[in-house]
Amino acid sequence: MSPSLLEQLSAGALDWLGGNLDHFDPFAPAAGADTRSTPQAKAKAALELGLLCHRAARPAGSAPDPLGGAAALVRKLWQDPDFPRLFDGSPAYASTYRLVYAALAPEGIDATQCREALARLDPDFLSPGGKSPYLRIEIRYYADKAGVRHTIEPYAALLPQSPLLAHRADGPAAGTAGGAVRPLTVPQAYALTHTAFYLGDFGRAEPRLTGAGLDHARDLTHRMLLHCVAHELWDLAAELVLTQFVLGEDPLRTPSGAAAVECLARAQRADGAIPGRSAELRAGPGATAGEFFRKAYHTTLVTALMASIVSSPRGVS
């Protein structure tokens, strides 16, 4: 497959995201007018924009930079004392959000707010007790990035029970059935993708898998991608394409990866948005601007992140 389709996805998605930054800013009038968006949702959207800027930013001096506006908004929010206060409205997620916020802090900012957020972490949050291997991998990834001391086990100890190795696909081996049998549940598939992202640092590091373990993770990813294409699960398809890249494959040269990129290109609107997590959950024609943003932003952002990383030289994304 030509990379032009991936470039089309990237350019369109970044253009739409750049034109909707007022919806990512929890303090902008557009966000304030969206009464259905909770503080948790507003904080989550901004944190995800921070991840995009952290992982897809171009080298200093690159021009033009489609992430310039987004990066400026992230820098502003990360130094605004009111932003981390939004995390208090979601007690179940507050420690996760504070840790991610500190880990994704842009270089060169005043880190006072990040230090204060880290000081408010629940000490038990940084220990392995009562947490799944997947959750412990996630916490370790962001804690290491934020420079926070923790007691989570090394990745080598967590890997055997992680979703990449512990999950087993339902149904027969992948073949020509077009993804008719769902290999994993949707939550299992998301845990698979995120585990790969953390272990492989979103494509910047080796994923710590070799031999049969690597083959197993690649097979799970391939089989779930076929299912996503068959059922137009756009958000998960974008994450799985990135997972293939993290696992050392070229998604544009695998049948499932190429089919997924084509599926996303068909779903992309003329304005660059992917209108929902799936065809079934897409925004309806009568959706307000706020409703459309809530439906579309995550999948559009993930598609932009995937396209940026997959089209970059391996290891320098």
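It should be noted that the structure appears before, not after, this text.
Within any chain, residue numbers begin from 1 and follow the written order of that chain's sequence. Note on the predicted model: pLDDT of at least 70 is required for a residue's local features to be given, and 80 or more for side-chain atom pairs to be given and counted; whole-chain, interface and lining totals, by contrast, use all residues. Side-chain calculation: all heavy atoms of the structure are included, whereas hydrogens and water are not.

(A) Structural view of the nonpolar core. Here, the term nonpolar core denotes a set of buried Ala, Val, Leu, Ile, Met, Phe, Trp, Tyr and Cys residues that are joined through side-chain atoms within 4.5 Å. Exposure categories follow from relative accessible area, calculated using a 1.4 Å probe and restricted to protein chains: below 20% of the type maximum is buried, above 50% is exposed, and the middle band is partly exposed. Counting 100 residues, the largest nonpolar core has Phe24, Leu52 and Trp78 as its most contacted members. Ranked by residues supplied to this core, first place goes to helix 16 (residues 289-310) with twelve residues. Aside from chain neighbours lying at most four places away, what touches Phe24 is Leu17, Ala45, Ala46, Leu49, Leu73, Leu77, Phe293, Tyr297 and Leu301. What counts as a helix is a DSSP run of H or I of at least four residues, what counts as a strand is a run of E of at least two, and both are numbered from the N terminus. Contact definition: two residues touch when any of their heavy atoms are within 4.5 Å.

(B) Just the packing of helix 7 (residues 94-103) against helix 8 (residues 112-119), in detail. Simply put, an axis is a line fit to the C-alpha atoms, just over the touching stretch for a helix, and the angle between two N-to-C directions goes from 0 to 180 degrees. For the pair helix 7 and helix 8, interaxial distance at closest approach is 9 Å and the crossing angle is 145°. Here the hand of the crossing between helix 7 and helix 8 comes out left-handed. Facing helix 7, whose interface residues are Arg98, Leu99, Tyr101 and Ala102, helix 8 presents Gln113, Cys114, Ala117 and Leu118. In the scheme used here, Gly and all other residues not listed as nonpolar or charged are polar, with Ala, Val, Leu, Ile, Met, Phe, Trp, Tyr, Cys and Pro taken as nonpolar and Asp, Glu, Lys and Arg as charged. By residue class, the composition of the contact of helix 7 with helix 8 is six nonpolar, one polar and one charged. Note on convention: near helix rotated counterclockwise from far helix by under a right angle means a left-handed crossing. Clockwise means right-handed.

(C) Geometry of the environment of Trp78. With respect to the secondary-structure elements, Trp78 resides in helix 5 (residues 68-78). If sequence neighbours within four positions are ignored, Trp78 has contacts with Ala46, Leu47, Gly50, Phe83, Tyr101, Leu104, Ala105, Pro106, Ile109, Gln113 and Cys114.

(D) Inspection of the packing of aromatic side chains at higher detail. Any two rings among Phe, Tyr and Trp, with Trp reduced to its six-membered ring, count as a pair given centres within 6.5 Å; such a pair is stacked if its planes are under 30 degrees apart, edge-to-face if over 60, and tilted if neither. Counted according to the given criterion, the structure contains 18 aromatic pairs. For the pair Phe293 and Tyr297, a centre-to-centre distance of 5.0 Å together with 10° between the ring planes defines the contact as stacked. Taken as a pair, Phe293 and Tyr297 lie in helix 16 at a separation of four residues, close to a single helical turn. For Phe293, a relative accessible area of 5% gives the class buried. Here the aromatic cluster, defined as three or more aromatic residues joined through ring pairs, consists of Trp78, Phe83, Phe87, Tyr93, Tyr97 and Tyr101. In this structure, Arg140 packs its charged tip against the face of Tyr155, placed 5.3 Å from the ring centre. Look at NZ for Lys and CZ for Arg. If either is within 6 Å of the ring centre and within 35 degrees of the ring normal, a charge sits over the ring.

(E) Region of the structure containing unusual backbone geometry. Here Asp201, not a glycine, exhibits a phi torsion of approximately 50°, which is positive. By the secondary structure assignment, Asp201 is in the loop between helix 12 (186-199) and helix 13 (211-231).

(F) Expanded view of the environment of Val229. Mapped onto the elements, Val229 comes out in helix 13. Placed 72 residues apart in sequence, Val229 and Ala157 show a C-alpha to C-alpha distance of 34 Å. With near-sequence residues (within four places) excluded, Val229 lies in contact with Ser256, Ala259, Ala260 and Cys263.

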